[in-house]
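These are the residues of each chain, in order.
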Amino acid sequence: VIKSSSYSLDEKDFPIWLADQLDVVGKGFYHVSRESEVHNDKRTDIQVTDGRYKFVIEIKLIRKGGTQYNADLLRTALKNQLVNQYLIDGTDSGILAIFATYEKKFKVGNKQIKLDEMISELNLQAHQIRKNNPEIKYLAVNKIFVDYK
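Since the model is a prediction, treat every value here as computed from it, not as a measurement.

Procedures and definitions
- Starting afresh in each chain, residues are numbered from 1 along the sequence in its written order.
- Under the rules for a predicted model, residues below a pLDDT of 70 receive no local features and side-chain atom pairs below 80 are neither given nor counted, while totals for whole chains, interfaces and linings still include all residues.
- With hydrogens and water stripped out, all remaining heavy atoms of the structure feed into the side-chain values.
- Axis definition: a line fit to C-alpha positions, over the contact stretch in the case of helices; interaxial angles, taken between N-to-C directions, run 0 to 180 degrees.
- Per the convention used, a helix needs a DSSP run of H or I reaching at least four residues, while a strand needs a run of E reaching at least two, with both numbered from the N terminus.
- For classification, angles of less than 35 degrees are called roughly parallel, those exceeding 145 degrees roughly antiparallel, those between 65 and 115 degrees roughly perpendicular, and all remaining angles oblique.
- Crossings are assigned a handedness: left-handed for a near helix turned anticlockwise from the far helix by less than a right angle, right-handed for a clockwise turn.
- Any pair of residues with heavy atoms lying within 4.5 Å of one another is described as a contacting pair.
- Each residue is assigned to one of three groups, with Ala, Val, Leu, Ile, Met, Phe, Trp, Tyr, Cys and Pro labelled nonpolar, Asp, Glu, Lys and Arg labelled charged, and all others, Gly among them, labelled polar.
- Residue exposure (1.4 Å probe, protein chains only): buried if accessible area is under 20% of the type maximum, exposed if over 50%, otherwise partly exposed.
- What makes a salt bridge here is a side-chain nitrogen of Lys or Arg within 4 Å of a carboxyl oxygen of Asp or Glu, nothing more.
- By this rule, a helix spans an expected 1.5 Å times one less than how many residues it contains.
- This arc is built from the directions going out from the helix axis to the C-beta atoms.

> Can you tell me about the packing of helix α2 (residues 71-86) against helix α3 (residues 115-132), naming the residues and giving the values?
Axis separation between α2 and α3 bottoms out at 11 Å; the angle between their running directions is 30 degrees. In this view, α2 runs roughly parallel relative to α3, as classed from their interaxial angle. Seen along the crossing, α2 lies across α3 with a hand that is right-handed. Of the residues in α3, those touching α2 at Ala-71, Leu-74, Arg-75, Leu-78, Lys-79 and Val-83 are Met-118, Glu-121, Leu-122, Gln-125, Ala-126 and Ile-129. Grouping the constituent residues of the contact of α2 with α3 by class yields eight nonpolar, one polar and three charged.

> Can you explain the environment of Gly-94? Please cite residues and give values.
Looking at the secondary structure, you find Gly-94 in strand β7 (residues 93-100). On the accessibility criterion, Gly-94 (0% relative accessible area) is buried. In this view, Gly-94 contacts Phe-55, Val-56, Leu-82, Leu-87, Tyr-138, Leu-139 and Ala-140; residues no more than four positions away in its chain are not counted.

> Can you explain the pattern of salt bridges? Please cite residues and give values.
For the structure shown, the criterion picks out six salt bridges. With a shortest N-O distance of 3.1 Å, Glu-58 and Lys-60 are connected by a salt bridge. This pair shows no difference in class: Glu-58 is buried, exactly as Lys-60 is. A salt bridge links Lys-143 to Asp-116; the shortest N-O distance between them is 2.9 Å.

> Report on α3, specifying residues and quantitative values.
A rise of 1.5 Å per residue sets the reference length of α3, with its 18 residues, at 26 Å; its end C-alpha atoms lie 26 Å apart and thus fit the reference within 8%. All of the buried residues in α3 are Leu-115, Met-118, Ile-119, Leu-122, Ala-126 and Ile-129. Within α3, the buried residues cover an arc of 100 degrees as seen down the axis, which keeps them to one side. Opposite its buried face, α3 presents the exposed residues Leu-124, Lys-131 and Asn-132, each directed more than 90 degrees away. On the buried face of α3, the contacting elements are β6 (54-62), α2, β7, β8 (105-108), β9 (111-114) and β10 (138-147).

Spelled out as structure tokens, the structure:
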């Protein structure tokens, strides 16, 4: 849980904040870059490398009044954006980081599921992607709740 009102609730601000936090805790053991071009003019939100290993972090912000992410958009972000665009050219690990300001519900089939259930479903999809693509070493979806007051 992040508790802060020192930054705006804009999707472009979260990569800046997260990159800064990773720099602080990394203490020079790895390099953090933002908007790194990876392939065909595609740019990652965050890329972390230690010289031998690289992983990328794609960030989505779920907030009232923001981009209305539904289940299909999050599935597409995982498979088409993170895997097909960013996990290439020696980058074999990725995280879809979902920052949320409220407990959104998603329509899946004929039912409504909570955000945590959506994260679980996305992680099952990530597991299947890894199983079918042995070159991918790590792929996960994580939720970070933002208590913005």
